[in-house]
Amino acid sequence: MMETLLEVKNIIKRFGGLTAVDNVNMQIFPGEVVGILGDNGAGKSTLIKVISGVYHAEEGQIFFEGQKIKISNPMEALKIGIETIYQDLALAENMNVYSNIFLGREKLKKYLGLINVLDHDYMLNESKKMLNRLEINIPSLENKIRNLSGGQRQAVAISRSIYWNARLLIMDEPTAALGVAERGKVLNLVKTLSSQGVSVIIISHQIHDVFSVATRLLIMRRGKKVAERLTKKTNTDEVVGLIVGSLPGDYN
Amino acid sequence: MINYNKRSEIGIRILRRWTLIFLVGEIIFFSIAGTNYFSLKNLQNILVDSITVLLLATGETFVIITGGIDLSVGFMVGFSSVVSAKVMVDLEAAGFSQPLAITMGILAALLLGLIPGFINGFLVAKLRVPPFIATFGMYGIAYGFAEIICSNVPIHNLPTSVGSLGHGYLFYWLPRRFFSFLSIPENLTREELKQLISIIPNLTVITFIFIGIFAFILAKTKFGQHTYAIGGNINAAERAGVNVQAHLIKVYMISSFFASLAGIMYVLQYITGRAPAGSAYLLDAVVAVVIGGASLYGGKGTVVGTITGSLIIGVLEIGLVNLGIPTFNLHIAVGCILIFAVLVDQFSPELIQKEEWSA
C-alpha cells in the first residue's frame, strides 16, 4: 500500500459549545485530488484551517508522510509543504508575475562585484519554466498582477507555491469568482498538478467542478464526516442526498 | 490576440511621462518669459533652492510606497538644524578646531535624527498606530525639543568655514585663465571675481549623492522590492516571509535620516540653526512625491519621479519670482498641479490590458 502524504485522525475542534469538527478522519495520498463537500456550516473550512495551522484542534493527530506533526501556525504549515490558496490569493497586485513568485526569496546577483541586486533575468526565466511545467500560459511575466484575470492570478499563486516545493495544496472555493472558460482552466491546472505528484484538497459548492477533478469525495454534515466515496462509484444525486441528509451516512 | 491600438498606446506613453514634459515645458516657458532665467547661475539657484524639498521628498517616497506617511519630517529639519548648529558652536567655544566641530555637529544631527524615525516606525509597525497620528505626534515633539535646545532663539555665530563649505562650488572657471577644483585661487582682482564662473554647488552634489544611493536601493535591491510588496499587500509580504515590522522601522528611519540631512544642509546654506527651519516644505515634499507618480494608498512611486516632482515645484517658484509675480500664487499653481497629477493617475488606462489566458 502506498504511503499517505497526509493523515488526520480523530480531529475535534470546538468553538465554545459548538463542535465544528467532530471526530473526523481523513487520508490523502501523493498526487491525489480529494474533494470535501458539505453545506454551509458543515465544518469543511474549519477542517482545512486545522490542517493549514490557522486553528488548533482540541483533540486528534496529524501525520505528514507518516511522521506525527504539530502545526501551530500557517508559517509552519508552509514549511512542511502544506499551502492554502486563499481567495485574496496573497499576491502583491502592484508587482509583476515573477516578482510575486520570488517574493521573500528573491534571487540576487553581484553588481560591480560588490552590491547585491535583484537578478531579474534569472527570476523571469525560472518563472517561465515553472509556468510551462504547469502548462500555464500568461503572455508576459512582466505584467502586474493587477492586470491579470482571476484565473491567471490563481495560476500565479499556485505556481509560486509549487516552485517553493508545496506538496499539498488546499483550494477553498477556487472556481467561485470565475467565468466558465476560466473555471475550466483552473480545473485543468488541478489535473496537471495531480499528474505531477502534487496532492490537492478542493472545497467547493460547485459539485460538478469537484466531480470533474477529484478522485475521492469526503462528505461532511454538521461537523461529522458522513460518507466517503470514490468519484467514479457515485453520482451527484447520491452526493447531494448525503450533503443535505436525505440519505443516511455511513458513519452514524 | 492582443489588439494594440498604436495611436492610443503612444497617447498613454505621453500621459505617463507628463511630469517630465511638464517640467521641460515650465523651463522653456520661463526661459522665454523671464529675464536671464535660462542661465547657469539661475539653474543652479533652482537646484540649491530645491534641496530641502528634494531630500524630504526622497525619504517620504519610501514611506509613501509602504502606504504610510511621515509628517514629522517638517520639524525634523529644524530639530536637526539646531542640534548640529548647537554642537558646532559649543565645540568651537570649547576650543575644538573648526573642521572637527563641524564634523561632530553633522554626526550628532545624523545620529540623533535616527531616533524619531525609529520611534515612528516602532509605533506604526509594532503598536499599529496609524502613520498619520504617530508622525504627527512626533512633528510636535521634534519642534518642542528643537525650541528647548536653542532656547527659543536662532543659533548664530557658527564656525566661519561652515559658509565656505555651504556656499562653495565643485568647480570654478575663469575663462582663458584657470579652471580649479573646490577652491577659488587667491589674489584675484575684483574684476576677475566678477567674471568668475562657479559650477555645481557643493550642497547639490551632497544632496544628489544621497538621493542617488537611495534611488538605487529602491529600484534595484531586495530592500526596495520588499518596500513595494508591503505597500501592495502587507499580508502577502508577511506570508512570503518578509520581516514587515523591521522593514517598516527601517523605512521610517530612512525618512528621518533624509530630514536630518535637510537640516544639516539648512545650517550649511543659511549658517544658522532655527527650530522652524524647513517646516514650510513638509507639504511641498508630499506633493512632490505624489506628482512624481506615487499613490498615497501605497505600492507605487519612484525616486526619479519624486525628483521630477520636486523640480517642478522649484522651477515654478523661482520662475514666479523671476517674473515678479507674488509667491502666494505658487500655492495656487502647486495645488492645481497636485490635483491634476492625481487625476492623471486615476484615469490613465492601464497600458497592458487583460489578455487571453489558456492553461
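Residues numbered from 1 in each chain as written. Chains lettered and ligands numbered in written order. Predicted model: local features only at pLDDT ≥ 70, side-chain atom pairs only at ≥ 80, totals over all residues. Heavy atoms only, no water.

So, on to the layout of surface pockets. Reported here for the largest pocket is a volume of approximately 1800 Å³. Taken together, 50 residues make up the lining of the largest pocket; nearest its centre are Lys144(A), Arg16(B), Lys300(B), Gly301(B) and Thr302(B). For the lining of the largest pocket, the elements supplying multiple residues, two or more each, are helix 3 (97-101) of chain A together with helix 1 (6-16), helix 2 (18-33), helix 10 (202-220), helix 11 (222-232), helix 14 (282-291), helix 15 (303-323) and helix 16 (328-347) of chain B. Classifying every residue of the lining of the largest pocket by side-chain character gives 19 nonpolar, 20 polar and 11 charged. (1 Å grid on protein atoms, 1.4 Å probe; cavity = no way out; pocket = protein on both sides within 12 Å on 5 of 7 lines; lining within 4 Å. Points joined across faces, edges and corners; volume = space filled by probe spheres on them. Helix = DSSP H or I, 4+ residues; strand = E, 2+ residues; numbered from the N terminus. Nonpolar A, V, L, I, M, F, W, Y, C, P; charged D, E, K, R; others polar.)

On to the packing of helix 15 of chain B against helix 16 of chain B. Residues and elements named next belong to chain B. Direction vectors running N to C along helix 15 and helix 16 enclose 150°, while the axes themselves pass 10 Å from each other. By the angle between their directions, the pair helix 15 and helix 16 is classed as roughly antiparallel. Regarding helix 15 and helix 16, the two cross each other, and that crossing is right-handed. Along its contact with helix 15, which presents Ile312, Ile313, Leu316, Glu317 and Leu320, the element helix 16 presents Asn329, Leu330, Ala333, Val334 and Ile337. A per-class count over the contact of helix 15 with helix 16 returns 8 nonpolar, 1 polar and 1 charged. (Axes fitted to C-alpha atoms, helices over the stretch in contact; angles between N-to-C directions. Parallel < 35°, antiparallel > 145°, perpendicular 65-115°, else oblique. Left-handed = near helix turned anticlockwise from the far one by under 90°. Contact = heavy atoms within 4.5 Å.)

It is worth spelling out the interface of chain A and chain B at this point. Taken together, the contacts link 35 residues of chain A with 27 residues of chain B. Where chain A abuts chain B, roughly 2800 Å² becomes buried across the two surfaces, and 57% of that area is made up of carbon and sulfur atoms. The largest share of the area that chain A buries against chain B comes from Asn94(A), Asn147(A) and Lys185(A), three residues that together contribute 19% of it. At the surface where chain A touches chain B, the tally comes to 1 salt bridge. The salt bridge partner of Glu83(A) is Arg239(B), with a shortest N-O separation of 3.3 Å. (Buried area = accessible area lost by both parts, 1.4 Å probe. Salt bridge = Lys/Arg side-chain N within 4 Å of Asp/Glu carboxyl O.)

Before going further, it helps to spend a moment on the side chain of Thr272(B). Residue and element names in this part refer to chain B. Checked against the element boundaries, Thr272 lands in the loop between helix 13 (244-270) and helix 14. According to the relative accessible area criterion, Thr272 is buried, its value standing at 8%. A distance of 3.0 Å separates the side chain of Thr272 from the backbone oxygen of Ile155, its partner in a polar contact. Ignoring sequence-local partners within four residues, the contact set of Thr272 consists of Pro154, Ile155, His156, Leu158, Tyr266 and Val267. (Buried < 20%, exposed > 50% of the residue type's maximum accessible area, 1.4 Å probe, protein only. Polar contact = N/O pair within 3.5 Å; in protein donor to acceptor, adjacent residues only side chain to side chain.)

Residue and element names in this part refer to chain B. Sheet architecture is open: 3 strands sit in the order 2-1-3, paired in antiparallel fashion. This sheet does not close on itself; its edge strands, each paired only once, are strand 2 (178-181) and strand 3 (197-201). Within this sheet the neighbouring strands show an average axis-to-axis angle of 15°, counted without direction. Note: strand 1 (residues 169-174) against strand 2, 4 bridges, orientation antiparallel. Opposite Leu174, over in strand 2, you have Phe178 as the bridge partner. Across the sheet, helix 10 lies against strand 1 and strand 3, angled at about 25° from strand 3, the strand it touches most. (Pairing = 2+ DSSP bridges.)

Moving on: the confidence of the model for chain B. Residue and element names in this part refer to chain B. Model confidence for chain B is summarised by a mean pLDDT of 90, while 94% of its residues fall at 70 or above. Here helix 1 stands out as the element of chain B with the lowest mean pLDDT, 70, in contrast to helix 4 (residues 51-65), whose mean of 98 is the highest. Note that pLDDT drops below 50 for residues 351-359; the model gives that stretch 35 contacts with residues more than four away or on any other chain. The ipTM value of the predicted complex is 0.84, and its pTM value is 0.88. (pLDDT = per-residue confidence, 0-100.)

All names here are of chain B. Contact geometry for helix 4 and helix 13: axes closest at 7 Å, N-to-C directions at 175°. Classified by the interaxial angle, the pair formed by helix 4 and helix 13 is roughly antiparallel. Residues Ile51, Thr52, Leu55, Leu56, Thr58, Gly59, Glu60, Phe62 and Val63 of helix 4 form the contact with helix 13, whose participating residues are Val251, Tyr252, Ile254, Ser255, Phe258, Ala259, Leu261, Ala262 and Met265. Among the residues forming the contact of helix 4 with helix 13, the class breakdown is 13 nonpolar, 4 polar and 1 charged.

Here we come to the side chain of Thr306(B). Residues and elements named next belong to chain B. One can find Thr306 in helix 15. Among the polar contacts made by the side chain of Thr306, one reaches the main-chain carbonyl oxygen of Thr302 at a distance of 3.1 Å. When neighbours within four sequence positions are excluded, Thr306 is seen to be in contact with Ala57, Thr58, Thr61, Ala288, Val289 and Gly292.

Once that is clear, we can look at the sheet that holds strand 1 (residues 6-15) of chain A. All names here are of chain A. Across the sheet, 4 strands lie side by side as 2-1-4-5; this open sheet has antiparallel pairing. One side of each edge strand has no neighbouring strand; the edge strands of this open sheet are strand 2 (18-28) and strand 5 (67-69). Neighbouring strand axes in the sheet, compared pairwise and without regard to direction, differ in orientation by 30° on average. Bridging between strand 1 and strand 4 (residues 59-64) involves 5 bridges; their strand directions are antiparallel. What sits directly across from Ile12, in strand 4, is Glu59.

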